[in-house]
Amino acid sequence: MHACRNVTACWGITIMHAMLSTEPGGPETLEWTQGPDPEPKKGEVRIAIKAAGVNFPDTLIIRDLYQIKPPRPFAPGGEVAGVIEALGDGVSGLNIGDRVIAMTGFGGFTTHVCARADACLPIPDNMPFDEAACFIFTYGTSHYALKQRGELKSGETLLILGAAGGVGAAAIELGKAAGARVIAAVSSQDKADFCTELGADATIVYPRTMDRAAQKALSAQIKEIAGPDGVHVAYDAVGGDYAEPVIRSMAWGGRFLVVGFPAGIPAIPLNLTLLKSCQIVGVFWGASIYRDPAGHMNNVRELFDLYGCGKIKPRISASFAMQDAAKALSMIAERKVLGKIVLTT
């Protein structure tokens, strides 16, 4: 007689709750709904979610502004942590009761979700659920950006735009762990103070709106702090009119990493790349996971090692109940977040 592979089938039906996007729009359009638990298909597991990370793409996907456009209704949320409670056919290497992180793409702002077994990672014993739910997306993005795309080396200067946000804060810690000198650029003094606490060597507070004069002033400030060699690696998680002043501050042979565009997609005079002999390098971490799964798993192992050594740790500035996801998304969209926000069930 085989053991039951579905906990709820043995113990009775439970009800799933989810924050659903039923029409394109902002956080206020999400609806708290309920229904039966999803059943895992072949190669999937069902996870009872304990915590879900909130990330900037979640604010885009509900507006149909992200690369992925799921059919509605759907729940946003691409990063969850919880406990496996059911296994689909063909799943091996995972068991009911395992604590896992799952990268779902979307569907994570729920109490229960089915995820591909190969998208799940065991959570280290010393990592709580809230930190686990805020770990892979930000640190995975920034580690891939700095290591594979930026080829950051010890002793180089790293400038981070949007350094107080989730991926930016992760980039500060990872940059320091790599031996770089880190300059954190942010939009307010409280964010600058936060970055200093994370280990940034210097900070820059830039204005929330940029005209031509402000661009020149920002470029001059970066050059003064970076020194005569300039910025070797720039990590741009902001975009808009902030990008050009950074490229004007690049070192010879520097690498400008394109990570995100909350301030809009920048227009770059390409003659600057010729004058600096620098590179503009795209960072599409989500696609890299599927194109190079072995490289991704090696990065994850390195990140868990860094966490175990205390060199990186998610900075969670706020926690909300799952049904209050709209409040969390509004904070992200308004760029009010220091580090990470988490939802809990």
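Student: Give a description of the pairing of strand S4 (residues 79-87) that names residues and reports values.
Tutor: Successive residues of a regular strand alternate their side chains across the two faces of the sheet. Within S4, eight of the nine residues are buried, leaving the element largely enclosed by the surrounding structure. Bridging between strand S3 (residues 44-54) and S4 involves seven bridges; their strand directions are antiparallel. Opposite Ala52, over in S4, you have Val80 as the bridge partner. Taken together, the five bridges between S4 and strand S5 (residues 99-103) define a ladder with antiparallel strand orientation. Among the inter-strand pairings, Gly82 is bridged to a residue of S5, identified as Val100.

Student: How would you summarise the side chain of His112 if you had to cite specific residues and measurements?
Tutor: Within the fold, His112 resides in strand S6 (residues 112-116). Since its relative accessible area comes to 11%, His112 is described here as buried. Within the structure, the side chain of His112 is placed 2.9 Å from the side chain of Thr111, a separation counted as a polar contact.

Student: Go over the pattern of salt bridges with me, naming the residues and quoting the values.
Tutor: A full pass over the atoms with the stated rule returns 13 salt bridges. With its nearest N and O atoms 2.7 Å apart, the salt bridge here joins Glu85 to Arg46. Taken as a pair, Glu85 in strand S4 and Arg46 in strand S3 lie far apart in primary sequence, 39 residues in all. Arg116 is paired through a salt bridge with Asp118; the nearest N and O atoms lie 2.8 Å apart. Given a relative accessible area of 36%, Arg116 falls into the partly exposed group. Exposure remark for Asp118: the relative accessible area of 64% places this residue in the exposed category. Through salt bridges that share partners, Glu39, Arg46 and Glu85 make up one connected network.

Student: Break down the packing of aromatic side chains for me, citing the residues and quoting the values.
Tutor: Counted under the stated rule, the structure contains six aromatic pairs. Arranged with centres 5.9 Å apart and planes meeting at 80°, the rings of Phe74 and Phe106 form a pair that is edge-to-face. Here Phe74 is found in the loop between helix H2 (56-61) and S4, whereas its partner Phe106 is found in the loop between S5 and S6, with 32 residues between them in sequence. By relative accessible area, which is 3% here, Phe74 ends up buried. For Phe106, a relative accessible area of 32% corresponds to the partly exposed category. Plain terms: the ring middles of Tyr206 and Tyr242 are 4.8 Å apart, the flat faces sit at 55° to each other, and that makes the pair tilted. Linking Tyr206 in the loop between strand S10 (202-205) and helix H7 (212-226) with Tyr242 in the loop between strand S11 (231-236) and helix H8 (243-247), this pair joins segments that are 36 residues apart in sequence. There is no split in this pair, since Tyr206 and Tyr242 are both buried.

Reading guide: rules and limits
Residues numbered from 1 in each chain as written. Predicted model: local features only at pLDDT ≥ 70, side-chain atom pairs only at ≥ 80, totals over all residues. Heavy atoms only, no water. Buried < 20%, exposed > 50% of the residue type's maximum accessible area, 1.4 Å probe, protein only. Helix = DSSP H or I, 4+ residues; strand = E, 2+ residues; numbered from the N terminus. Pairing = 2+ DSSP bridges. Polar contact = N/O pair within 3.5 Å; in protein donor to acceptor, adjacent residues only side chain to side chain. Salt bridge = Lys/Arg side-chain N within 4 Å of Asp/Glu carboxyl O. Phe/Tyr/Trp six-rings, centres within 6.5 Å; stacked < 30°, edge-to-face > 60°.

Take it as geometry only, folks, not as evidence of what the structure does.
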